[in-house]
Amino acid sequence: MSDRRPYVRPMPRDWWARRPFRHYTIRELSGVTIAIYAAVLLSGLVALLQGPAAWEIWRGWLASPASLVLHAVLLVAMIWHLRTWFQILPKTMPKLVVGGSPVPQRLITLIGTSVAIVCSTALVAFVLWRPF
Amino acid sequence: MPHAPEKRSNAPIFWLLFGAGGTLSALFGVGLILVTGFLAPQGIGVAPEALSYENALAFTQNWLGKAVIWAVISLFFWHAAERLYLTLKDMHVFSDTGRRLLTYGVAALVTAVTAGLLLAIGF
């Protein structure tokens, strides 16, 4: 028998939709849009296997305004993912020590983001300047 | 009393796939979307025949092309799976088994289907 009535902090069921957690939820859901992009590629693979006629239909859809809008949304989400991914990186990796002093988190974020910009730019440059 | 064998967590495997997909998409995702969503289909800076059936087939029949396609599609799905799984857990939707099937289950299925499609397309 105990009169103990410990304080239980109230936690609304929709806490994930409220500040300050909303930012976190948006970040997590931006990760889900990456699968939507992968699904677009997967549908192309299915069309390719079905033959030239199916491939042309898929290609036509890819050039349609609906596809442009979808890819614009996916692009924004992907940029958000890239930005937040390297913001979390220094918080999830073991502390990096160089020359006896820890590397600042901001520097790790800056380096990661720069490497990503170089990688994506290199990919686009390769496609643009490769003679097809 | 005999010691029961320690139950190992399978979480690290999912975390590894999540991290691999997150890093791959962070590094190349923006470039990929620009190329496959805008430049190639609109013919901006890229010849219209770049996306021809023959070219797409040649890329997909190449072992390196296959590896790239398989890695991008499956790892992107594994990344989304982990994030969606944890978010659904936060939102208290579905049972834990249901959440696992919807996220890890779909990612595993996509990984297998993509491998099957790539093999069916041949070399």
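Residues numbered from 1 in each chain as written. Chains lettered and ligands numbered in written order. Predicted model: local features only at pLDDT ≥ 70, side-chain atom pairs only at ≥ 80, totals over all residues. Heavy atoms only, no water.

**Q** Describe the overall build of chain B, with residues and values.
**A** When helices and strands are counted, chain B shows four helices and zero strands. Along its sequence from the N terminus, chain B presents helices and strands in the succession α-α-α-α. Compactness check: chain B gives a C-alpha radius of gyration of 19 Å against a globular reference of 14 Å for 123 residues, more than 25% above the reference. Expressed as lengths along the three principal axes of its C-alpha atoms, the size of chain B is roughly 70 × 35 × 25 Å. By residue count, 47% of the 123 residues in chain B fall in the buried class. Excluding contacts between residues fewer than 6 apart, the proportion of contacts in chain B whose partners are at least 24 apart in sequence is 64%. Put simply, chain B shows about 6600 Å² of open surface, and 73% of that area lies on carbon and sulfur atoms. (Helix = DSSP H or I, 4+ residues; strand = E, 2+ residues; numbered from the N terminus. Rg over C-alpha atoms; globule rule 2.2 N^0.38 Å. Buried < 20%, exposed > 50% of the residue type's maximum accessible area, 1.4 Å probe, protein only. Contact = heavy atoms within 4.5 Å. Areas by Shrake-Rupley, 256 points an atom, 1.4 Å probe, with all protein chains shown as cover.)

**Q** Break down the overall build of chain A for me, citing the residues and quoting the values.
**A** Along its length, chain A carries four helices and two strands. Mapped in sequence order, the helices and strands of chain A form the string α-α-α-β-β-α. By the compact-globule yardstick of 14 Å for 132 residues, chain A is too spread out, its C-alpha radius of gyration being 22 Å. Counting only C-alpha atoms, chain A reaches 75 × 50 × 25 Å along its principal axes. The burial tally for chain A puts 35% of its 132 residues in the buried class. Counting contacts in chain A only where the partners sit at least 6 residues apart, residues at least 24 apart contribute 42% of the total.

**Q** Explain the side chain of threonine 33 of chain A to me, and be specific about the residues and the numbers.
**A** All names here are of chain A. Tracing the chain through its elements places threonine 33 in helix α1 (residues 22-50). Within the local environment of threonine 33, its side chain forms a polar contact with the backbone oxygen of serine 30, the two atoms lying 2.6 Å apart. Setting aside residues up to four positions removed in sequence, threonine 33 forms contacts with Leu74 and Ala77. (Polar contact = N/O pair within 3.5 Å; in protein donor to acceptor, adjacent residues only side chain to side chain.)

**Q** Give a description of the nonpolar core that names residues and reports values.
**A** Ile73 and Phe76 of chain B are the most contacted members of the largest nonpolar core, which has 49 residues in total. Listing elements by their share of this core, those giving two or more residues are α1, α2 (52-62), α3 (65-92) and α4 (105-129) of chain A together with α1 (11-42), α2 (53-61), α3 (63-91) and α4 (96-121) of chain B. (Core = buried A, V, L, I, M, F, W, Y, C linked by side-chain atoms within 4.5 Å.)

**Q** Explain the interface of chain A and chain B to me, and be specific about the residues and the numbers.
**A** Think of interface size as the accessible area that goes away when the parts come together; that is how it is often given. On the chain B side, the residues contacting the 49 residues of chain A number 51 residues. Together, the buried faces of chain A and chain B total about 4700 Å²; carbon and sulfur atoms form 76% of this surface. Taken together, chain A and chain B are joined by one salt bridge. Among the ionic pairs, arginine 83 of chain B bridges to glutamate 28 of chain A, the shortest N-O distance being 3.4 Å. Linking chain A with chain B are twelve residue pairs in polar contact (both at pLDDT 80 or more). No other element matches α1 of chain A, which puts 18 residues into the side of chain A that touches chain B. By residue class, the composition of the side of chain A that touches chain B is 38 nonpolar, six polar and five charged. (Buried area = accessible area lost by both parts, 1.4 Å probe. Salt bridge = Lys/Arg side-chain N within 4 Å of Asp/Glu carboxyl O. Nonpolar A, V, L, I, M, F, W, Y, C, P; charged D, E, K, R; others polar.)

**Q** Can you break down the packing of α1 of chain A against α3 of chain B residue by residue, with the values?
**A** Where α1 of chain A meets α3 of chain B, the axes come as close as 8 Å, and the angle between the chain directions of the two elements is 145 degrees. Crossing hand, α1 of chain A versus α3 of chain B: left-handed. Its residues assigned to classes, the contact of α1 of chain A with α3 of chain B shows 19 nonpolar, four polar and four charged. (Axes fitted to C-alpha atoms, helices over the stretch in contact; angles between N-to-C directions. Left-handed = near helix turned anticlockwise from the far one by under 90°.)

**Q** Report on α4 of chain B, specifying residues and quantitative values.
**A** Given 3.6 residues per turn, any residue in an α-helix points the same way as the ones three and four places further on. The terminal C-alpha atoms of α4 of chain B, which comprises 26 residues, lie 36 Å apart, in line with the 38 Å expected from a rise of 1.5 Å per residue. The sharpest bend along α4 of chain B reaches about 30 degrees and sits at glycine 105 of chain B. On its buried face, α4 of chain B sits against α1 of chain A together with α1, α2 and α3 of chain B. Note on α4 of chain B: the residue one or two positions beyond its end, glycine 122 of chain B, has a positive phi of about 85 degrees. (Expected span 1.5 Å × (residues − 1). Bend = angle between axes of the 7 residues up to and from the residue.)

**Q** So what about the confidence of the model for chain B? Which residues, and what values?
**A** Residue and element names in this part refer to chain B. This prediction gives chain B a mean pLDDT of 91; 97% of its residues lie at or above 70. Averaged over each element, pLDDT in chain B is lowest for α1 (93) and highest for α4 (95). Per the prediction output, this complex has pTM 0.89; the corresponding ipTM is 0.91. (pLDDT = per-residue confidence, 0-100.)

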